[in-house]
Amino acid sequence: MPSPASPERSTAQSLHARWIVVDPDVVLQDAVLELRAGRVVRVLRGTAARRARGAARALHVDGVVTAGLVNAHAHLELGWAARALRPGLSMARWIEQLLALRRAQRPEQLARLQSDALRAGARALLESGCTQVGDIQVDPGSHAALAATGLQGVAFLELLDAGRTERTAEALRSARARLRLATRAGPRVGLSPHAPYTTSPELLRGIGALARRRPRLPLAVHWAEFAAENAWLEHGRGPLKRLLTASPRCSGLDLLEAVGLLRTGTLLVHANEARAAERERVAASGACVVHCPGAHRWFRRAPFDLRAWLRAGVPVALGTDSLAGNEGLDMRRELALLRASHPWLAPAQAWRSATVEGARALGGDELGGTLRPGAVAAWVGFRVAAQRASEVLEVLTTGCPDLLDPPRVSRPRAARG
Ligand SMILES: [Zn+2]
């Protein structure tokens, strides 16, 4: 596998490729990408591209160059439980069995398993063309561990108290500690109240107060993932009664909205069981939905209503979720599963979900997930033999193409929230 020259911070570089996917709507043939200081400076085509191809430092890529894929939702630490649970479990059973597996480990053993899984998961993402991840973490040390892998994105600290007030203060203490971390390089810092059913109203209020003072703080929450969740939240009924204490008798969206956690940029993960009126509220809030096609299939869920979300004008990003509830950590496979489940979906829209929407959801700038001038030069080369521009995104979103080169992740001065 040829190794690409790095888009060094201080030096300019030209990269010529048979095809360049500048963004979901612009695919250029025989084009040149000019990079400087870890950013795209310009994209050349025609005569200008032919002239730049001859430059001494030009790198030739015999394939398709795109922005790195963005995995908007993962739990890399949970890779230690890969293949330990049976596909198709109900969510209540899945939670019970995962908790039993955790209890069977000594704390130091579990910490080691989690950090090994994080590193292996990050490697799997980078080796499949993903350069940004929204990673949900339980270990306070995992932000530094993720930063060391070279992946960009957001390290979300998972917060929950399962309705037990003695755990609420501890969860808020760890949230404040995560927010104090320096974030000059590597992934941004974010908070993830696990779900409205595992976070007490007091904990949600505390996280809401922290978020109110930080309008750009990335937030992620599992929401409306399965029907039993709504039954317990709203009526105190169903299998979650075995695991939880008092039902708030309120919808999950109401709980999030009441404390200010339903806002621009909030990642609402799964959103499988949303009602039509809730889609309108999510659209008005500026939040985004994360769909995880592989996890959706693993849990054998009813078809995801992607069309309704897109019609409502809600951005839909893609994620893998965890290896405890999915077969792999490969965004190429997630794209192929998405296209297979929604044959009407245009390749450009699928690509947008796996790049632009994910990058925006993780708080990047407007150019995130693209190779437009000014964007971070995190590019990936795929082995795709296409004759026409229209074939390029078709193959990228259905064919799980091999990578030509390892992806480059540059670390320019990113805007911080
Ligand atoms: Zn998840």
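All values derive from a computational prediction rather than experimental measurement. (Residues numbered from 1 in each chain as written. Predicted model: local features only at pLDDT ≥ 70, side-chain atom pairs only at ≥ 80, totals over all residues.)

### Observations concerning the overall build of the protein chain
So the rule is basically this: Helix and strand definitions follow DSSP, with helices as H or I runs of at least four residues and strands as E runs of at least two, each counted in order from the N terminus. Note on method: radius of gyration uses C-alpha positions; expected globular size equals 2.2 Å times residues raised to 0.38. Residues are defined as contacting one another if the C-beta atoms placed from their backbone atoms lie within 7 Å.
In terms of regular secondary structure, the protein chain is built from 15 helices and 13 strands. In summary, the protein chain has a C-alpha radius of gyration of 21 Å against a globular reference of 22 Å for 417 residues, a match within 12%. Considering only intrachain contacts with a sequence separation of at least 6, the fraction spanning at least 24 residues in the protein chain is 72%.

### A word on the pairing of strand β13 (residues 379-382)
What counts, and what does not: Burial in this document is a count-based property: other C-beta atoms within 10 Å of a residue's C-beta are tallied, and the residue is buried at 20 or more, exposed at 12 or fewer, or partly exposed in between, with C-beta positions derived from the backbone. In this scheme, strands are said to pair when DSSP sees at least two bridges between them.
Along β13, one buried face is formed by Trp379 and Gly381 and the opposite face, lined by Val380 and Phe382, is buried too. Two strands pair when backbone bridges link them, and strand β4 (residues 59-67) and β13 are joined in this way by 4 bridges, in the antiparallel orientation. The partner of Ala67 across the bridge, within β13, is Trp379.

### Observations concerning the nonpolar core
Test applied: A set of buried Ala, Val, Leu, Ile, Met, Phe, Trp, Tyr and Cys residues, joined to one another through C-beta atoms within 7 Å, is what we call a nonpolar core. Boundary definitions for the domains trace back to an automatic or database domain assignment.
By size, the foremost hydrophobic cluster in this structure holds 116 residues, and its most contacted members are Ile20 and Leu268. Of the domains in this structure, domain 1 (12-67 + 369-398) and domain 2 (69-361) are the two that each give at least three residues to this core. Not counting the four nearest positions on each side in its chain, Ile20 is found in contact with Leu28, Ala31, Leu33, Val43, Val65 and Leu371.

### Some words on the domain arrangement of the protein chain
Note the threshold: Nonpolar residues are Ala, Val, Leu, Ile, Met, Phe, Trp, Tyr, Cys and Pro. Charged residues are Asp, Glu, Lys and Arg, and all others, Gly as well, are polar.
Taken domain by domain, the protein chain consists of domain 1 (12-67 + 369-398) and domain 2 (69-361). Just the C-alpha atoms count here: the centres of domain 1 and domain 2 sit 32 Å apart. Listed by partner, the interface residues are 14 residues for domain 1 and 16 residues for domain 2. Elements with a contribution of two residues or more to the side of domain 1 that touches domain 2: β13 and α15 (389-398). Of the residues belonging to the side of domain 1 that touches domain 2, the class tally is 7 nonpolar, 4 polar and 3 charged.

### Regarding the sheet that holds strand β10 (residues 267-270)
In sheet architecture, strand pairing relies on hydrogen bonds along the backbone and comes in two forms, parallel and antiparallel. Using the following cut-off: Simply put, an axis is a line fit to the C-alpha atoms, just over the touching stretch for a helix, and the angle between two N-to-C directions goes from 0 to 180 degrees.
Within the open sheet, the 4 strands sit side by side as β9-β10-β11-β12. Their pairing is parallel. Two strands in the sheet have a free side with no partner beyond their single neighbour: β9 (220-223) and β12 (316-318). For this sheet, the mean inter-axis angle between neighbouring strands, taken without regard to orientation, is 35 degrees. Two elements, β9 and β10, share 4 bridges in a ladder whose sense is parallel. Each bridged residue has a counterpart across the sheet, and for Trp223 the counterpart in β10 is His270.

### So, the packing of helix α3 (residues 107-126) against helix α4 (residues 142-149)
The line we're drawing: Under this scheme an angle from 65 to 115 degrees is roughly perpendicular, one under 35 degrees roughly parallel, and one over 145 degrees roughly antiparallel; angles in between are oblique. Helix crossings are classified by the rotation of the near helix relative to the far one: an anticlockwise turn of less than a right angle makes the crossing left-handed, while a clockwise turn makes it right-handed.
Two numbers describe how α3 lies on α4: the axes approach to 10 Å, and their chain directions differ by 30 degrees. Our classification of the angle between α3 and α4 gives roughly parallel. In the crossing of α3 with α4, the sense of the turn from one axis to the other is right-handed. Of the residues in α4, those touching α3 at Ser115, Leu118, Arg119 and Ala122 are Ser142, Ala145, Leu146 and Thr149. Tallied by class, the residues present in the contact of α3 with α4 amount to 4 nonpolar, 3 polar and 1 charged.

### What about helix α12 (residues 331-341)?
For α12, the full list of buried residues reads Met331, Arg332, Glu334, Leu335, Leu337, Leu338 and Arg339. On its buried face, α12 sits against β5 (69-74), β6 (130-137), α10 (293-298), β12, α13 (347-354) and α15.

### Brief notes about the sheet that holds strand β7 (residues 152-159)
The strand order across the open sheet built from 4 strands is β5-β6-β7-β8, with neighbouring strands paired in parallel fashion. Across the chains shown, the open sheet's two edge strands, defined by having one partner strand only, are β5 and β8 (188-193). Adjacent strand axes in the sheet meet at a mean angle of 20 degrees when their direction is disregarded.

### Regarding unusual backbone geometry
Leaving glycine out, the prevailing phi sign among residues is negative, and the prevailing peptide bond configuration is trans. Unusually for a residue other than glycine, Ala162 sits at a positive phi of about 50 degrees. In this fold, Ala162 is placed in the loop between β7 and α5 (165-179). A positive phi is found at His270, a non-glycine position, where the angle reads about 90 degrees.

### Concerning the confidence of the model for the protein chain
Defined as follows: The predictor reports its confidence for every residue as pLDDT, a score running from 0 up to 100.
With 94% of its residues at a pLDDT of 70 or more, the protein chain shows a mean pLDDT of 91. Throughout residues 1-9 the model reports pLDDT below 50, and contacts reaching past four residues in sequence, or to other chains, amount to 19 contacts.

### Here's the deal with the pairing of β7
This is how the line gets drawn: For the handedness criterion, the strands are oriented away from the viewer, and a crossover whose path from the first strand over the helix to the second runs clockwise is classed as right-handed.
Buried residues dominate β7, accounting for 8 of its 8 residues. Relative to β7, β6 is paired through 6 bridges, and the arrangement is parallel. Its bridge partner lying in β7, Gln137 is registered against Leu157. Running through α4, the crossover from β6 to the neighbouring parallel element β7 is right-handed. One ladder, built from 6 bridges, connects β7 with β8; its direction is parallel. Bridge pairing in β8 links Leu159 to Pro193.

### Remarks on the environment of Ser115
In this structure, Ser115 sits in helix α3. For Ser115 and Ser142, which are 27 residues apart along the polypeptide, the C-alpha to C-alpha distance reads 7.1 Å. Other than its neighbours up to four places away in sequence, Ser115 contacts Asp139 and Ala145.

### Here's the deal with the environment of Thr370
For Thr370, the position within the fold is in the loop between α14 (356-361) and β13. A tally of 24 C-beta atoms within 10 Å means that Thr370 is categorised as buried. As for Thr370 and Phe382, which are separated by 12 residues in sequence, their C-alpha atoms are 15 Å apart. Once you skip the residues sitting within four places of it in the chain, Thr370 turns out to touch Val22, Asp23, Ala67, Val356 and Ala375.

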